[in-house]
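Observations on chain architecture
Now for the letters of each chain:
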Amino acid sequence: FDTKAVWKDTSTDPLHISFDIDKAVNALSYSERQMNVGPLKNIIIKSSGKGLRIWCEISQSVPYEIYDESDGRLVSVIFRGPFAGGAPKQEMFSFDFRDADIRDVLMALAKSAGVNIIIGDKVTGTISLAFEGLTFDQALGYILKPRGLGKVVMGKNIIVDERESLENSFDLWKTRRFTLKYIEPDAAKSALSMYLPPDRIVADSVNRSLLIKGRDDELQKVEEVLTTIDVALETRVFPLNNNIYEAEEQLARFKELLKIIIFDEARVQYDFLQKTMIVKGTKEELEGVAELIGNLDRKLPQIMIDVKMVEINRNKIKDLGVKWTVGGEQGQISFGEMSLGGSMERSDLVSIQIKALEQKGLGRLVGNPRILTLSGKTATINVGDRVPYRQPVITPDGKVTYELQFMDVGIKLEVTPSITSDGMVIVHAKPNISTFTEREYVLEGLNFKDPQKSEKTADTTARLRNGETLVIGGLIRSEDVENITKIPLLSEIPIIGGLFTLRNKTHKETELIVFLTPYLVEY
């Protein structure tokens, strides 16, 4: 060759020695030549996709060696003797089949060669072939190998079946012992079970080794895997600094996810108090753990929730026929017979309208809290009172005592904001408004007034842009108030005292409107 040759042995059977030479072309005047020198019968040169393929057809199976010299510009093939006195005479076969059942083809070939053949049940399908002048072994090999089939020869008896089935039935596996340095045999067996059936792997804890049965390619794969897992282990502590972990179950989920990289659960531990993960593994495993934890332990975005709670006098709104609209079609808010809801992009317009309502005496701002929370964490706002009352309690000796207890009433709001990947804010809000009325009763000659609690709640989820306002309404509170005006002394005269008493009953309705505006806060 005029340049260094790159070649590869591609022999398929012992009577046809072949090798490919990359980027080579045939400059000879022939492509086939009869030799008849020793076992060498013919040389065939054919062009392949990437260069040349050279075939050496021999008459008997002999040891051979292919090597290059002269800086790769000369490729030589040497056949090693001793050779038989003459080429053994073998019977040659020629067949031509079109879409024939493979079982029929094998039966015909065996009958022609005068051998007995047993074909397994898993050998099925059709085959088309045409060959001339092939020995029985060559013809059988060309039929079986492309289909993943194998054979077992016992004298003049041949058994044909799937290769794995023959290996299991006749124990044709090769057995090899792998000595381990660092990894425990049981752990190594568990890892290799992804590549081999567990029944072909025996863990020897006494000798710290594995006894494995398999084919050459499988044993080679085992060797490659063991070189990556049977290495000295390092211990590294990974602090979890960026997120807030309130329950031990959160770190337990981290440990479960790390099984993707560290299959041995005993090598992954966590310290909830210190908020750290302690991992023992190879250098490659620890690098994978660091990357996974870096993706999971991220800083949660901070969100400022601006809340405005407006109490509207519904009686005056109805009297004046007020219709309040902010931002056009979006964020329309109406009172009286009109419904309200939606969102508004201009939070400044909300403040202007609230001030206008206060000036007209139609409503008042009962709360404007601002609270900072993290994405996915619930923030709670309370605006209210604690109402005292006496609760009868029976003591163990049968006596009745009256304990002072308190009832929480007012406005309570729970908000849980979450940031999406596209920068939107999903807000889950649960407002609650509670009031009480007093119930008078006499117990054991004593007058009591107990508060009776009444609640109105809402539960909603909305998708907002940064700075967009969510409006929640419909939390209506009704009160019946009775004012009594008496003329001293005269109002207390029996029978006619009522003539000197003025009773004035009024019905009051108020509606609570909640405005929620989330703002993203950069760290």
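Residues numbered from 1 in each chain as written. Predicted model: local features only at pLDDT ≥ 70, side-chain atom pairs only at ≥ 80, totals over all residues. Heavy atoms only, no water.

1. As for the environment of Asp 96
For Asp 96, the position within the fold is in strand β8 (residues 93–101). Since its relative accessible area comes to 52%, Asp 96 is described here as exposed. For the pair Asp 96 and Ser 128, spaced 32 residues apart in the sequence, the C-alpha separation amounts to 7.7 Å. Ignoring sequence-local partners within four residues, the contact set of Asp 96 consists of Leu 129 and Ala 130. (Helix = DSSP H or I, 4+ residues; strand = E, 2+ residues; numbered from the N terminus. Buried < 20%, exposed > 50% of the residue type's maximum accessible area, 1.4 Å probe, protein only. Contact = heavy atoms within 4.5 Å.)

2. A look at the pairing of strand β24 (residues 400–419)
Two strands pair when backbone bridges link them, and strand β23 (residues 379–394) and β24 are joined in this way by 16 bridges, in the antiparallel orientation. Bridge assignment links Asn 382 to a residue of β24, and that residue is Lys 412. Between β23 and β24, which pair antiparallel one after the other, the connecting turn spans five residues, and Gly 398 there sits at a positive phi close to 90°. (Pairing = 2+ DSSP bridges.)

3. What to know about the sheet that holds strand β13 (residues 174–179)
With antiparallel pairing, the three strands of this open sheet are ordered in space as β13-β15-β14. With one partner strand each, in any of the chains shown, β13 and β14 (201–204) form the two edges of the open sheet. Averaged over all pairs of adjacent strands, the angle between their axes in this sheet comes to 20°, without regard to strand direction. The sheet contact formed by β13 and strand β15 (residues 209–214) spans six bridges and is antiparallel. Directly across from Phe 178, in β15, lies its bridge partner Leu 210. Running at roughly 10° to β13, helix α5 (residues 216–229) makes contact with β13 and β15 of the sheet. (Axes fitted to C-alpha atoms, helices over the stretch in contact; angles between N-to-C directions.)

4. Description of a nonpolar patch on the surface
A cluster of nonpolar side chains, contributed by Met 154, Phe 170 and Leu 172, occupies part of the molecular surface with about 250 Å² of accessible area. Relative to the assigned elements, Phe 170 resides in helix α3 (residues 163–170). (Patch = residues over 30% accessible without salt bridge, like charges linked within 9 Å, V, L, I, M, F, W, Y side chains within 5 Å. Areas by Shrake-Rupley, 256 points an atom, 1.4 Å probe, with all protein chains shown as cover. Salt bridge = Lys/Arg side-chain N within 4 Å of Asp/Glu carboxyl O.)

5. Here's the deal with the side chain of Ser 375
Here Ser 375 is to be found in the loop between β22 (370–374) and β23. From its side chain, Ser 375 meets the backbone nitrogen of Ile 419 in a polar contact 3.0 Å long. Discounting chain neighbours no more than four positions away, the residues touching Ser 375 are Leu 300, Pro 301, Ile 303, Pro 417, Ser 418 and Ile 419. (Polar contact = N/O pair within 3.5 Å; in protein donor to acceptor, adjacent residues only side chain to side chain.)

6. Observations regarding the sheet that holds strand β3 (residues 32–37)
With antiparallel pairing, the five strands of this open sheet are ordered in space as β1-β2-β5-β4-β3. In the strand order of this sheet, the two ends are held by β1 (7–9) and β3, each with one partner. Taken over all neighbouring pairs, the strand axes of this sheet differ in orientation by 20° on average, direction set aside. Alignment of strand β4 (residues 40–47) against strand β5 (residues 51–58), held across seven bridges, turns out to be antiparallel.

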